[in-house]
Every structure is written in structure tokens, then in C-alpha cells.
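# Remarks on the overall topology
Here are the chains, one letter per residue:
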Amino acid sequence: MTLTIYGIAASRAIRPLWAAEELDLTYRHIKLHHAAPETKAPDYLRLNPNGTVPALEDDGLVLFESLAITLYLARTYGPSRLWPDDAADQARVLQWTLWAATEAEPPARQWFHHTAFLPPAERQPALAAAALQALGRRLAVLERHFADGRPHLLGDDFTVADLNLAAVLQRLKDLGGGDHPRLSAWHARCLARPAAQRAFALRQAG
Ligand SMILES: N[C@@H](CCC(=O)N[C@@H](CS)C(=O)NCC(=O)O)C(=O)O
């Protein structure tokens, strides 16, 4: 069966789409909108019981959780590319991916919800400000991490850890990234990759 990615590019499906582009994979893209009723219908809930996007099908394997999907694609199709060979580096990929999910994404999401996503009447500026403050501490950690001039999270090579964190911090400029030059340079470097450009261009294509 063809590798299939469910979810429009203007959703967290951008993460597996970007990984698939990095790995030059042939894949089927089902442009399922996250608000579409189909996401809550039995056929789709069999793939992702959460009723959210993305989901992935690959030769009998069904997966949800965007960052688990990118890790799977990197390990399966990218040894020595997105997925490092060395066990210590693999542990660092997991470290930064879990950090992206647990430290960076919750405040980034809270900020987005209370500045753009929720209807204006439901937005709480105090929660948006608290999210930015919480994020500031995390961004400072990253700025210090890049202080030695390393181009990517693990060192010289771009890995799926960079992809995961850069995608989670896709609104870095609005989140205070401008105060962190090395972090901003890393982020720009990741998003300038041809595969990232191809994946994000899918947002324009609908
Ligand atoms: N932790 C999940 C979150 C998935 C998620 O919440 N996706 C959003 C779109 S970006 C969604 O489908 N929302 C629809 C809903 O919650 O009903 C992941 O990373 O895959």
C-alpha cells in the first residue's frame, strides 16, 4: 500500500509532509481538513481515534501523533539522513523531540489560541501574555544551545529533531524569536531547506 498522509498542510500534518519531502518519498496526500466532519466518522477514527490530523498509513502500519510519525519516517526511510546512526545522537533526537512536544508546543499553542485561533470574544490576553513569558524561558535555553555556533541541534547535520522543533516553533518570529539571533538563524536555515519550502508550498496549493 502507498504511504498515505492524512491532513491538510495548514495543520500539524505539515510535519510528516516535510519529513516525506526531506526523504524524497512517494506518498499519497489526503487533504483532510481538521474541522471536517469526516475526522469524526468511523472510517477515519479507525486510523486516528482522536479524530485529529495528521494520521499515517504505511504498508499496514497506522499511526497518529505528528512527531511520532516524523520519527517513524526518519528511522524507516532515512538512516544516515534525518535519523543519525549513533545511539547517543538518536537519544538526543528523542530528547529534543520530547522537549518540542512538552516544553515548546503547549505555550506556543496557548499563545496561538489566545491571539488568533479562538473567536475574539473567547481570547484571554492574560493567557497569551503568560504563554509568551513561559516560551521566553524555553527560547533562552535554545539561544544558549546555539551559542557555540553549531548549525543544527545535534551539530553539523540536520536531523528529524530540527524538523520537529522548527515545525513546532513555526511562528517563532511572533513568539519572541527576534530577541534570539542564533535561534532565529537556525530556524531560518531549517525553513529555507528545499524540502521545507516544498512542504509549506502545499499550504498555498490548498
Ligand atoms: N498531538 C497531536 C495533535 C493533533 C491535533 O490536535 N491536530 C489538530 C489540527 S493541527 C486537529 O486535528 N484538530 C481538530 C480537532 O481537535 O477536532 C499531533 O501532534 O498529531
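Residues numbered from 1 in each chain as written. Predicted model: local features only at pLDDT ≥ 70, side-chain atom pairs only at ≥ 80, totals over all residues. Heavy atoms only, no water.

Here is the rule we go by: UniProt positions are given in the numbering used here, feature names are shortened, and annotations may be inferred rather than shown by experiment.
As annotated in an unreviewed UniProt entry, the protein is Glutathione S-transferase family protein from Caldimonas caldifontis. UniProt, in the comment section headed Sequence similarities (unreviewed entry), describes the protein in these words: "Belongs to the GST superfamily."

### Some thoughts on the nonpolar core
Generally speaking, soluble globular proteins have nonpolar side chains that are buried together. How we decide: What we call a nonpolar core is a set of buried Ala, Val, Leu, Ile, Met, Phe, Trp, Tyr and Cys residues that are connected through their side-chain atoms within 4.5 Å. The classification of residues rests on relative accessible area computed with a 1.4 Å probe and restricted to protein chains. Under 20% of the type maximum is buried, over 50% is exposed, and intermediate values are partly exposed. By the criteria applied, helices consist of DSSP H or I runs no shorter than four residues and strands consist of E runs no shorter than two, each listed in order from the N terminus. Each domain span listed reflects an automatic or database assignment of domains. We call two residues in contact whenever any of their non-hydrogen atoms come within 4.5 Å of each other.
By size, the foremost hydrophobic cluster in this structure holds 55 residues, and its most contacted members are W18, L73, L142, L153, L165 and L169. At the level of secondary structure, the elements contributing two or more residues to this core comprise helix 1 (14–22), helix 3 (66–77), helix 4 (87–117), helix 5 (125–145), helix 6 (160–168), helix 7 (181–191) and helix 8 (194–205). The residue makeup of this core includes at least three contributed by each of domain 1 (4–81 + 196–205) and domain 2 (87–193). Apart from the residues within four sequence positions on either side, L153 is in contact with W96, L142, H145, F146, A161, D162, L165 and W186. Formed by seven residues, the second largest nonpolar core is a distinct cluster that contains L32, Y44, L47 and V53.

### Side note on the domain arrangement of the protein
To keep things clear, this is the line we draw: Here the quantity called buried area is the accessible surface, traced with a 1.4 Å probe, that two parts lose on coming together, added over both. A side-chain nitrogen of Lys or Arg and a carboxyl oxygen of Asp or Glu constitute a salt bridge if their distance falls within 4 Å. Two N or O atoms count as a polar contact when they lie within 3.5 Å, although within protein this holds only if one can serve as hydrogen donor and the other as acceptor, and sequence-adjacent residues are included solely when both atoms are side-chain atoms.
What the domain assignment lists for the protein is domain 1 (4–81 + 196–205) and domain 2 (87–193). Between the C-alpha centres of domain 1 and domain 2 there is a distance of 21 Å. With 15 residues of domain 1 in contact, the opposing surface of domain 2 contributes 18 residues. The junction of domain 1 with domain 2 conceals about 1,400 Å² of combined surface from both sides, 63% of it contributed by carbon and sulfur atoms. The three residues of domain 1 that bury the most area against domain 2 are R15, W18 and L67, which together make up 37% of that side's buried surface. At the junction of domain 1 and domain 2, the tally comes to three salt bridges. In this structure, E105 and R15 form a salt bridge, with 2.8 Å as the shortest nitrogen-oxygen distance. Seen at the junction of domain 1 and domain 2, the total is eight residue pairs in polar contact (both at pLDDT 80 or more).

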